[in-house]
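Structural features, examined
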Amino acid sequence: SIKLPKGEDIKIFLGNHEYLLKNNKELQLLTPEGNKYFIKNGRNTIGRSKINDIQLDVSNSDISRVHLVIDKLDGNTVNCMDTSSLGSYLPEKLF
C-alpha cells in the first residue's frame, strides 16, 4: 500500500509518458495533454483499451492496452499494480 501525501502532486511514468497524480480533495490522474480523470474508490484500470476505467491516448504505443491498476482503498491510500510490458514508475519515497 502507498500513502499519498495530501495536497502534493506525484509524478508517475507510464511507458515514456509523464502523468501527475493529484491528491487534493479527490484523487485525480492528469495526462500530458491536460485531461483530468478521477480515481474512484476501488479498482481503476488505466491503459489504451476501451475496457479501461481510464482510456489513454491510443496513439501512445508504449502504453499497454491495460497498463496500470490502481486500487483506491481510502482517501490517501492506494495499491498499484503494473500490468504492462514497458513499466510504470512511481517515486521511491512513496514506498
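Below or above, wherever it landed, is the structure these notes cover.

Next up on the list: the environment of Val69. Along the chain, Val69 turns up in strand S8 (residues 68-72). Distance from Val69 to Lys25, taken between C-alpha atoms, is 21 Å for residues 44 residues apart in sequence.

Before going further, it helps to spend a moment on the sheet that holds strand S4 (residues 27-30). Here we have 5 strands laid out as an open sheet, ordered S5-S4-S3-S2-S10, and antiparallel in their pairing. One side of each edge strand has no neighbouring strand; the edge strands of this open sheet are strand S5 (36-38) and strand S10 (88-89).

Attention shifts here to the pairing of S4. A regular strand carries its side chains on alternate faces of the sheet. Of the two faces of S4, the one carrying Leu27 and Leu29 and the one carrying Gln28 and Leu30 are both buried. Here 4 bridges tie strand S3 (residues 17-23) to S4, and the two strands are oriented antiparallel to one another. By the bridge assignment for S4, Leu21 is matched with Leu29. Note: S4 against S5, 3 bridges, orientation antiparallel. Within the sheet, the bridge partner assigned to Leu30 lies in S5 and is Lys36.

With that settled, consider the sheet that holds strand S7 (residues 54-55). Across a sheet, paired strands are connected by hydrogen bonds in the backbone, their directions being either parallel or antiparallel. Taking strand neighbours across the sheet as the criterion, the 5 strands line up as S1-S9-S8-S6-S7 in an open arrangement whose pairing is mixed. Because the sheet does not close on itself, it has two edges, and the strands there are strand S1 (2-3) and S7. Two strands pair when backbone bridges link them, and S8 and strand S9 (residues 77-82) are joined in this way by 5 bridges, in the antiparallel orientation. Paired with Asp71 across the strands is Asn79, a residue of S9.

The next point concerns the side chain of Lys72. Summarising the element assignment, Lys72 is placed in strand S8. No salt bridge forms around the buried Lys72; measuring N to O, its nearest opposite-charge neighbour Glu26 is 6.0 Å away. Setting aside residues up to four positions removed in sequence, Lys72 forms contacts with Leu27, Ile39, Lys40, Asn41, Gly42, Asn44, Thr77 and Val78.

A separate point is the environment of Asp53. Relative to the elements of secondary structure, Asp53 occurs in the loop between strand S6 (42-47) and S7. Looking at Asp53, the relative accessible area reads 43%, which means it is partly exposed. Taking C-alpha positions, Asp53 is 9.7 Å from Phe38, a pair spaced 15 residues apart along the chain. Discounting residues that sit within four places of it in the chain, Asp53 has contacts with Lys40, Arg43, Asn44 and Thr45. At a separation of 2.8 Å, a polar atom in the side chain of Asp53 contacts the main-chain amide nitrogen of Thr45.

Rules behind the numbers
Residues numbered from 1 in each chain as written. Predicted model: local features only at pLDDT ≥ 70, side-chain atom pairs only at ≥ 80, totals over all residues. Heavy atoms only, no water. Helix = DSSP H or I, 4+ residues; strand = E, 2+ residues; numbered from the N terminus. Pairing = 2+ DSSP bridges. Buried < 20%, exposed > 50% of the residue type's maximum accessible area, 1.4 Å probe, protein only. Lys, Arg positive; Asp, Glu negative; His and termini not counted. Salt bridge = Lys/Arg side-chain N within 4 Å of Asp/Glu carboxyl O. Contact = heavy atoms within 4.5 Å. Polar contact = N/O pair within 3.5 Å; in protein donor to acceptor, adjacent residues only side chain to side chain.

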